[in-house]
2 protein chains.
Amino acid sequence: MNLKQLSETLGLSQTTVSRALNGYPEVAEATRLRVQQAARRYGYQPNIGAQRLARGHSRTIGHVIPLSTQHEMVNPVFADFIAGAGERYSAAGYDMQLTIVEDRREEEIYVEMKSQGKVDGVIVHGPLMDDPRIPFLADLALPFVVHGRASDCKTPYSWVDVNNVRAFERATDFLISLGHSRIGIINGLEHMDFAHRRLHGYEAAMFRAGLTSDPTWHYAGEMTEINGYRAMKDILSHPVHPTAVVVSSYISTLGVRRALDEAGLKVGRDVSVITFDDDLSYLRNGEDIPIYTAIRSSVRQAGRLSADMLIHQIENPGSPPTNHLLEAALIVGGSTGPAPQE
Amino acid sequence: MNLKQLSETLGLSQTTVSRALNGYPEVAEATRLRVQQAARRYGYQPNIGAQRLARGHSRTIGHVIPLSTQHEMVNPVFADFIAGAGERYSAAGYDMQLTIVEDRREEEIYVEMKSQGKVDGVIVHGPLMDDPRIPFLADLALPFVVHGRASDCKTPYSWVDVNNVRAFERATDFLISLGHSRIGIINGLEHMDFAHRRLHGYEAAMFRAGLTSDPTWHYAGEMTEINGYRAMKDILSHPVHPTAVVVSSYISTLGVRRALDEAGLKVGRDVSVITFDDDLSYLRNGEDIPIYTAIRSSVRQAGRLSADMLIHQIENPGSPPTNHLLEAALIVGGSTGPAPQE
DNA sequence: CCGTAATTTCAAAGCGCTTTGGGTGGCGCA
DNA sequence: TGCGCCACCCAAAGCGCTTTGAAATTACGG
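Residues numbered from 1 in each chain as written. Chains lettered and ligands numbered in written order. Predicted model: local features only at pLDDT ≥ 70, side-chain atom pairs only at ≥ 80, totals over all residues. Heavy atoms only, no water.

Asker: Would you mind going over the overall build of chain A with me for this structure?
Answerer: A tally of helices and strands in chain A yields twelve helices and twelve strands. What you see for chain A is a C-alpha radius of gyration of 25 Å, clearly larger than the 20 Å of a compact globule of 342 residues, by over 25%. The principal-axis extent of the C-alpha atoms belonging to chain A is close to 90 × 40 × 35 Å. Long-range contacts, defined here as pairs at least 24 residues apart, represent 68% of the contacts in chain A between residues at least 6 apart. Total accessible area on chain A stands at roughly 14300 Å², and carbon and sulfur atoms take up 52% of it. Distance from the positive charge centre (33 side chains) to the negative charge centre (40 side chains) of chain A: 7 Å. (Helix = DSSP H or I, 4+ residues; strand = E, 2+ residues; numbered from the N terminus. Rg over C-alpha atoms; globule rule 2.2 N^0.38 Å. Contact = heavy atoms within 4.5 Å. Areas by Shrake-Rupley, 256 points an atom, 1.4 Å probe, with all protein chains shown as cover. Lys, Arg positive; Asp, Glu negative; His and termini not counted. Charge placed at Lys NZ, Arg CZ, Asp CG, Glu CD.)

Asker: Help me understand the protein's contact with DNA strand D in this model?
Answerer: Taken together, 28 residues are adjacent to DNA strand D, and A:Leu3, A:Ser18, A:Arg19, A:Tyr24 and B:Thr15 come closest. In the model, a phosphate oxygen of DNA strand D is placed 3.2 Å from a nitrogen or oxygen of the B:Ala28 main chain. When contributions to the surface near DNA strand D are tallied by element, the ones reaching two or more residues are helix 2 (14-21) and helix 4 (48-55) of chain A together with helix 2 (14-21) and helix 4 (48-55) of chain B. Its residues placed into classes, the surface near DNA strand D shows eleven nonpolar, 13 polar and four charged. (Near = heavy atom within 4 Å. Polar contact = N/O pair within 3.5 Å; in protein donor to acceptor, adjacent residues only side chain to side chain. Nonpolar A, V, L, I, M, F, W, Y, C, P; charged D, E, K, R; others polar.)

Asker: Is there a simple way to think about the interface of chain A and chain B in this case?
Answerer: How big an interface is tends to be reported as the loss of accessible area on association of its parts. In this assembly, 48 residues from chain A lie in contact with 48 residues from chain B. Carbon and sulfur atoms make up 61% of the surface buried where chain A meets chain B, a total of about 4400 Å² over both sides. At the surface where chain A touches chain B, the tally comes to four salt bridges. Taking the shortest distance from any N to any O, the salt bridge between A:Glu287 and B:Arg230 comes out at 2.4 Å. Where chain A packs against chain B, one counts twelve residue pairs in polar contact (both at pLDDT 80 or more). Within the residue set of the side of chain A that touches chain B, elements represented by two or more residues are helix 4, helix 5 (78-92), strand 2 (95-102), helix 6 (106-116), helix 10 (225-236) and helix 11 (250-262) of chain A. Here the residues of the side of chain A that touches chain B are counted per class, giving 21 nonpolar, twelve polar and 15 charged. Note: strand 2 of chain A against strand 2 (residues 95-102) of chain B, three bridges, orientation antiparallel. Residue A:Met96 lies in a different strand from strand 2 of chain B, and its bridge partner there is B:Leu98. (Buried area = accessible area lost by both parts, 1.4 Å probe. Salt bridge = Lys/Arg side-chain N within 4 Å of Asp/Glu carboxyl O. Pairing = 2+ DSSP bridges.)

Asker: Before we go on, may I ask you to explain the packing of aromatic side chains in this structure?
Answerer: Two descriptors summarise a pair of aromatic rings, namely the distance from one centre to the other and the angle between the planes of the rings. Residue and element names in this part refer to chain B. All chains considered together, the criterion is met by four aromatic pairs over all chains. Taking the centre distance of 5.5 Å and the plane angle of 90° together, the rings of Tyr250 and Tyr292 count as edge-to-face. Here the residue Tyr250 occupies a position in helix 11 (residues 250-262), and Tyr292 occupies one in the loop between strand 9 (272-277) and strand 10 (293-296), the gap between them amounting to 42 residues. Note on Tyr292: relative accessible area 1%, which makes it buried. (Phe/Tyr/Trp six-rings, centres within 6.5 Å; stacked < 30°, edge-to-face > 60°. Buried < 20%, exposed > 50% of the residue type's maximum accessible area, 1.4 Å probe, protein only.)

Asker: How should the relation of the copies chain A and chain B be read in this particular structure?
Answerer: Between the two copies of the chain lies a rotation about an axis combined with a shift along it. Overlaying chain A with chain B gives an RMSD of 0.2 Å, the required rotation being 180° about an axis along which the chain moves by 0.0 Å. What we have between these two chains is a two-fold relation. In terms of proximity to the rotation axis, the leading residue of chain A is A:Gln97, whose C-alpha is 2.2 Å off the axis. Both copies share a contact surface, since 100% of the interface residues of chain A are interface residues in chain B too. (Least-squares fit on C-alpha atoms with pLDDT ≥ 70 in both.)

Asker: Just checking my understanding: could you explain helix 5 (residues 78-92) of chain B for this structure?
Answerer: What sets the pattern is the α-helix's 3.6 residues per turn: residues three or four places apart point alike. Here helix 5 of chain B contains 15 residues, and its C-alpha end-to-end distance of 21 Å stays within 8% of the 21 Å for a straight helix at 1.5 Å per residue. Within helix 5 of chain B the residues assigned to the buried category are B:Phe78, B:Ala79, B:Asp80, B:Phe81, B:Ile82, B:Ala83, B:Gly84, B:Ala85, B:Gly86 and B:Tyr89. (Expected span 1.5 Å × (residues − 1).)

Asker: Just to check I follow, could you spell out the pattern of salt bridges for this structure?
Answerer: For side chains of opposite charge, pairing can occur when their charged atoms come near one another. Applying the stated rule across the entire model yields 46 salt bridges over all chains. With its nearest N and O atoms 3.5 Å apart, the salt bridge here joins A:Glu262 to A:Lys233. Here A:Glu262, found in helix 11, pairs with A:Lys233, found in helix 10; they are 29 residues apart in sequence, far enough to count as distant. For A:Lys233, a relative accessible area of 43% corresponds to the partly exposed category. Among the ionic pairs, B:Glu87 bridges to B:Arg300, the shortest N-O distance being 3.6 Å. Linking B:Glu87 in helix 5 with B:Arg300 in helix 12 (residues 299-315), this pair joins segments that are 213 residues apart in sequence. Among the residues examined, B:Glu87 registers a relative accessible area of 26% and is labelled partly exposed. Each member of the salt-bridge network shares a partner with another, and the members are A:Arg52, A:Asp95, B:Glu112 and B:Lys118.

Asker: Explain the UniProt feature "domain: HTH lacI-type" (unreviewed entry) in chain A to me, please; I cannot follow it from the model alone.
Answerer: On the UniProt side, "domain: HTH lacI-type" (unreviewed entry) is annotated at positions that read residues 1-55 of chain A here. Each end of residues 1-55 of chain A is marked by a C-alpha atom, and these two atoms are 20 Å apart; helix forms 69% of the span and strand 0%. (UniProt positions renumbered as here; feature names shortened; annotations may be inferred.)

Asker: Would you mind showing me how to read the sheet that holds strand 8 (residues 244-247) of chain A here?
Answerer: One key point about sheets: their strands pair by backbone hydrogen bonds, in either a parallel or an antiparallel sense. Residue and element names in this part refer to chain A. Strand order across the open sheet formed by six strands is 7-6-8-9-10-12, with mixed pairing between neighbours. Both outer strands of the open sheet, strand 7 (218-220) and strand 12 (329-331), are each paired with one neighbouring strand and no more. Each strand axis lies, on average, 15° off the axis of its neighbour in the sheet, ignoring direction. Bridge count between strand 8 and strand 9 (residues 272-277): four bridges; the pairing is parallel. Bridge pairing in strand 9 places Val245 opposite Val273. Its contacts with the sheet place helix 11 against strand 6 (183-187), strand 8 and strand 9, and it is angled at close to 160° to strand 9. (Axes fitted to C-alpha atoms, helices over the stretch in contact; angles between N-to-C directions.)

Put into structure tokens, the structure is as follows:
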């Protein structure tokens, strides 16, 4: 059933039917009701392609997921972020389009999206320190919101981010307050903006406490279980090793635990661990009592916020970029304890 | 730049330009070349909405992710499946649309997709034993491929699935061959079809070996880390407990390990563990040497296959449903060993 | 009872593409 | 020379919706 048929059965023009259905005021309430009922009865659904063509926008939001050809890894927080954003899209009547693309082709995809009118806006995932995508998109005039930030970017843009500096500062401070002085960090890849900020927060806390941070206590790499395991194992291999570590991801932390178990060290007694906890639905950090002491910020919530901001931006063209800085909560669990006496 | 403008600058009709660009034979090669060059030069991209309207299909494939209101959990294998499917969509010129929806509204979404012409086909995730979505979609005449199967469904349909029965049979057989006789299973929710099959495979192997399976050695629940931990802890709480377990997910296995560590039991010596390994990019089961003995089948590969099958089905309407049964490999790692002597 | 304004409805012109159903013009062949 | 046949190109008619501009109807004050 299409508009024409519906309008014919109703004995009205397409104009009136369209207006009745789209809530325009210039149609009598009685008529509107009649039209709505008929639409329901005959299961009329406007053709989306035709609507897009006529309206000039797609009510679709794009997420482009770059897949680096070396790593071929999909960020595990992605599923939860999408779930959060998706909730909001559904509520606001938007569709979500996902594109998996080799990272070197990402800009090309944006151009295509823009000029084909595929999407009304995009969410940018996993920004680097100086991410070329941001000026590029700003230039394209395609509305976008970044999940994270790009430190070296001067042009203003909209973003949703966790206060990573502060989160790692607090985590480190907490360990220091427990008497730890040799503290390691197992971080993400350092060209990723979030990892850079986390390192920064950690270093600031160490410096303020007058502690030095041995480079052999640092690790930066993709945040997989294996890498967490390797990093911890490597850190332990040095004669003088840390009594505590802060870890950038819950998944890496699982590897860290494995390495500690293997070395016969008890988490929270021999080595304290604080993890960053994205509050993933399938990796809850305990329920009432947390397993790990953690700095927690829900990535799902970040997804919701990003979606809301982007929709606002799309529906209010010309509105200035907005930001949202989420504070991570420091949650005390069983993985931290006083520094062991030497 | 749109078709009209492009054709005007070229001094050709829209027809010819459209045909040249879409590879129709009735245009001179020289003209085609000229058109293609001009299109590139001016960055012409056909408007997607217009194309859809004119062609009558959307070149979009839908994935609807049901979010059960109780659990609110996004299946972690989902990201990898999507990545695999997404590769193929890109290559074939299809877009991917994701919809997050409360499970009770799922059918409504399908109707909408179909009648609005939003998508040309859909992938069905996480089928239940007797999944109402399958007859529903078959009825709708919307092409679809199921990732998994629905045991109780009589109408034929296309699916891609792992041979879950055989995988768990082999895993159990392997444990039996190592001398284990008390073997537990930590499974997914049993109304999920895959979990049902896995249980079945496990039971078949036990039965064939003349072993009985104590119900206190069984667990069925959402496959999170926490649940793995709880399940293992619970299993260990009984005076006579299993010396080996098969676990339905890598993530649960991480919880299982935690419970074993906490109990002072060594994986592979005191308790043998075999896990199902979806070969997730962020949770690799070791690299050269596997951490866990596992039955492995790449969910990403399943994504690729599903996408290929669906595209084929869309482009060849009326072709009969096809199936693809993947065999999981049994990979021996360090988490299994001979049954401990009592 | 009429002029004016407000309300309600409509016909038709897009939106940008594909596709049908012709037209040219040039060539070979009788 | 004339005919038929390709090879190439075109005008125009959709696809199903929105929206403009105008017409028809009703309401109302003088």
